[in-house]
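The lines below spell out each chain.
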Amino acid sequence: MTTETHDPSTEQTYDVIVVGSGGGALTAAWTAARAGLEVLVAEATDLLGGTTAYSGGGVWFPGNRLIREQVDANDGAAAQEYFRAVVGDRTDSSVQDAFLEGGPRLVDALLDDEAFEFEPMWWPDYYGAIPGASVKRQLRPLPLARETLGDLGALLRPPLKVERGGVPAADELAGGQALIGRLLLALSRLPNATLRTSMPVVGLETEGGAVVGVRVQSTGDRSEPTLLRVRRGVVIAAGGFEQSDSLRTEYGVPGSTAGSMGCAGNHGLALQAAVALGADVDLMDQAWWAPGITHPDGTTSFSLWFTAGIFVDHDGRRFVNESWPYDRLGRAVIDAQREDRVGTGPAGYWMVYDDREGDMPPVRSTTVPIGDPADYRRAGLWHTADTLDELAAAIGVPAGALTETVARYNDQVAEGRDTDFGRGDEPYDRAFSGGESPLVSVEKGPFHAVAFGLSDLGTKGGLRTDADGGVLDAAGARIPGLYAAGNSMAAVSGTTYPGGGNPIAASMVFGHLAALDLAATR
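Residues numbered from 1 in each chain as written. Predicted model: local features only at pLDDT ≥ 70, side-chain atom pairs only at ≥ 80, totals over all residues. Heavy atoms only, no water.

Another point: the overall build of the protein chain. Across its full length, the protein chain carries 13 helices and 23 strands. Seen through its principal axes, the protein chain has C-alpha atoms that stretch 70 × 55 × 50 Å. Counting the 522 residues in the protein chain, one finds 59% classified as buried. For the protein chain, the proportion of contacts with a sequence separation of at least 24, taken over those separated by at least 6, is 74%. When the accessible surface of the protein chain is totalled, it reaches about 19,100 Å², and 48% of it is carbon and sulfur. Between the centroid of the 41 positive side chains of the protein chain and the centroid of its 69 negative side chains there is a distance of 2 Å. (Helix = DSSP H or I, 4+ residues; strand = E, 2+ residues; numbered from the N terminus. Buried < 20%, exposed > 50% of the residue type's maximum accessible area, 1.4 Å probe, protein only. Contact = heavy atoms within 4.5 Å. Areas by Shrake-Rupley, 256 points an atom, 1.4 Å probe, with all protein chains shown as cover. Lys, Arg positive; Asp, Glu negative; His and termini not counted. Charge placed at Lys NZ, Arg CZ, Asp CG, Glu CD.)

Structure, rendered in structure tokens:
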């Protein structure tokens, strides 16, 4: 494999061009290169890994051989029952089948390459009451020493806590860093793969209705885009459009760029190029949602692992199960926004908690670390009061309502059952409390409130595809030579998030399937 920075004066031809460098893109490139095809990976930014590099790195491949051997021999059938029940008919059944059947085959292929090592991980599915749900269906990549990547290590996009939070980078790669690192390691051993950074794809070239190339432009370059040709096809796996204010507005995506965890290069350029050719799209108002703690700069960042506290709306009332999986919780926030119960800005609702752990919010995981508490207090995002009535006045909610809400919640804690929202009823609810009830009373003063808003892990609407990842037009016909995967593709899971690692896994599966189809093309 070679790595290059784009030279706009050079026109070349490849068998396959893969747009993007996240999990789905690199899987497509690895699959195509292993099949003997000459592959170019075109990354718009100066770093590799996309949003996958920010992630926890878990991948949801139900029924794969590691799960069957170490967890549940019948997981494939159970997973199909679960996935069908959760997703329903919102997406095409053949595409759902391709994901469910393709995942185990992809894992087999990955494990045949010594660059990849995975282990099953305990992480409950996100709809634990649905038949077929499991608590151990996710795989995670084993850590990898950064030095193993050599010069490629300098091109790996760092995690958000490093990129936006200023935390020093670790020498050992874990999570999404390890997943991207292992994909880069595998690609580095294939001589027919080329990686180019700072190469945004701004257009697609067609002949006779088939895609035969891409138009690329160096970052900041105002010259005419360069044409790079393909013999077989193009795979668009360039992430979503979550960092484009204009596209979010056009398609009605709740939230804003200030709350998105997608990488800065995700503006939907390649997606728009495909739409300009007549490609069909779906789920364009959807994203992978999450609650987000609000920072003094007006951004919100994906947050989970709440050890205490309750969320309250403008009326001082609870409106959600605070221990729900993040996407379900985020969707409840959107519903409350539409009912005008919480705000649509970065400080739309409040987490109220007591002093049993001190004044720091009971939030153990924020993708961007919490900074100096004084900055949050000066920004009006963090309040402390001796009484709940005083706290209510500080955050602008009715005092009597907040006091009543807390009293009702404390009664439910004492009874051991949240009859309002079912907090603690599903396995995921107890994922961060050692299997014990997540219900913790709010009774030890002084009392605190910290502002939250809506965050997302990226948009999930994109190009509609068939079971091979081939992009379809509005009539349902395939556009020859054009494929999609990841958040550039309309999510196979529709408006749901079945389990942790589902987005990356689906991205990798359809990148793999697209490359296999391209390899079979003559």
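Running from amino to carboxyl end, helix 1 (residues 23-34) crosses helix 13 (residues 502-520) at an angle of 30°, the nearest separation of the two axes being 7 Å. Taken together, the axis directions place helix 1 and helix 13 in an arrangement best described as roughly parallel. At the point where helix 1 passes helix 13, the crossing takes the right-handed sense. Note on element contacts: helix 13 touches helix 1 through S507, M508, G511, H512, A515 and L516, opposite G23, G24, T27, A28, T31 and A32. Residue classes in the contact of helix 1 with helix 13 are distributed as five nonpolar, seven polar and no charged. (Axes fitted to C-alpha atoms, helices over the stretch in contact; angles between N-to-C directions. Parallel < 35°, antiparallel > 145°, perpendicular 65-115°, else oblique. Left-handed = near helix turned anticlockwise from the far one by under 90°. Nonpolar A, V, L, I, M, F, W, Y, C, P; charged D, E, K, R; others polar.)

As a further point, take helix 1. End to end, helix 1 covers 16 Å across twelve residues, agreeing with the expected 16 Å (1.5 Å per residue, within 8%). When you tally the buried positions in helix 1, you get eleven out of twelve residues, the bulk of the element. Where helix 1 is concerned, the buried positions are G23, G24, A25, L26, T27, A28, A29, W30, T31, A32 and A33. In the segment just after helix 1, G36 is the residue with positive phi, at about 95°. (Expected span 1.5 Å × (residues − 1).)

Further remarks concern the sheet that holds strand 5 (residues 118-121). In spatial order, the strands read 4-6-5; together these three strands make up an open sheet with antiparallel pairing. Across the chains shown, the open sheet's two edge strands, defined by having one partner strand only, are strand 4 (59-60) and strand 5. Of the pairings in the sheet, the one linking strand 5 to strand 6 (residues 138-141) comprises four bridges and is antiparallel in character. Looking at strand 6, one finds that E119 is bridged to R140. (Pairing = 2+ DSSP bridges.)

Further remarks concern the environment of G23. Tracing the backbone shows G23 in helix 1. By relative accessible area, G23 is classed as buried at 1%. Sequence-distant contacts of G23, that is, excluding residues within four places in its chain, are made with T52, I180, L183, S507 and M508.

For the bond running from G445 to P446, omega is 0°, close enough to zero to count as cis. Mapped onto the elements, P446 comes out in the loop between helix 12 (399-415) and strand 20 (447-459). For L283, which is not glycine, the phi torsion reads 60° and is therefore positive. Of note, L283 is situated in the loop between strand 13 (281-282) and strand 14 (287-294). Although it is not a glycine, W305 adopts a positive phi angle of roughly 70°. Relative to the elements of secondary structure, W305 occurs in strand 15 (residues 300-306). Residue W305 is classed as partly exposed on the basis of its relative accessible area of 37%.

This part is about the packing of aromatic side chains. In the structure shown here, the tally under the stated rule is 24 aromatic pairs. Arranged with centres 6.2 Å apart and planes meeting at 55°, the rings of W60 and Y82 form a pair that is tilted. Here W60, found in strand 4, pairs with Y82, found in helix 3 (residues 75-87); they are 22 residues apart in sequence, far enough to count as distant. The buried category is assigned to W60, whose relative accessible area is 1%. With 4.9 Å between their ring centres and 65° between their planes, F311 and F452 make a pair best called edge-to-face. Of this pair, F311 sits in strand 16 (residues 310-312) while F452 sits in strand 20; the two residues are 141 residues apart in sequence, bridging distant segments of the chain. Residue F311 shares its accessibility class with F452, and that shared class is buried. The cationic tip of K460 hangs over the ring face of W288; the distance from NZ or CZ to the ring centre is 3.9 Å. (Phe/Tyr/Trp six-rings, centres within 6.5 Å; stacked < 30°, edge-to-face > 60°. Lys NZ or Arg CZ within 6 Å of the ring centre and 35° of its normal.)

Let us now look at the pairing of strand 20. For strand 20, the tally of buried residues reaches 13 of 13 residues, placing the bulk of the element in the interior. In this sheet, strand 20 lies alongside strand 14 in antiparallel orientation, the contact comprising six bridges. Residue pairing in the sheet places A290 in a bridge with S455 of strand 20.

Pairs can form between side chains of opposite charge whenever their charged atoms are close. Evaluated as defined, the whole model comprises 32 salt bridges. Notably, a salt bridge pairs E119 with R140, separated by 2.9 Å at the nearest N-O pair. A residue pair is termed long-range when its members are at least 10 positions apart, and E119 in strand 5 and R140 in strand 6 qualify at 21 residues. The partly exposed category is assigned to R140, whose relative accessible area is 34%. Among the salt bridges present, the one from D354 reaches R356, with a minimum N-O distance of 3.0 Å. Each of R318, E322, D418 and R423 takes part in one network of salt bridges that share partners. (Salt bridge = Lys/Arg side-chain N within 4 Å of Asp/Glu carboxyl O.)

The next point concerns the nonpolar core. The biggest cluster of nonpolar side chains holds 160 residues, and the ones touching the most others in it are F99 and F510. By residue number, the principal contributor to this core is helix 13, which donates eleven residues. Among residues more than four places away in sequence, those in contact with F510 are V95, A98, F99, D466, A467, G469, A484, A485, M489 and V492. (Core = buried A, V, L, I, M, F, W, Y, C linked by side-chain atoms within 4.5 Å.)

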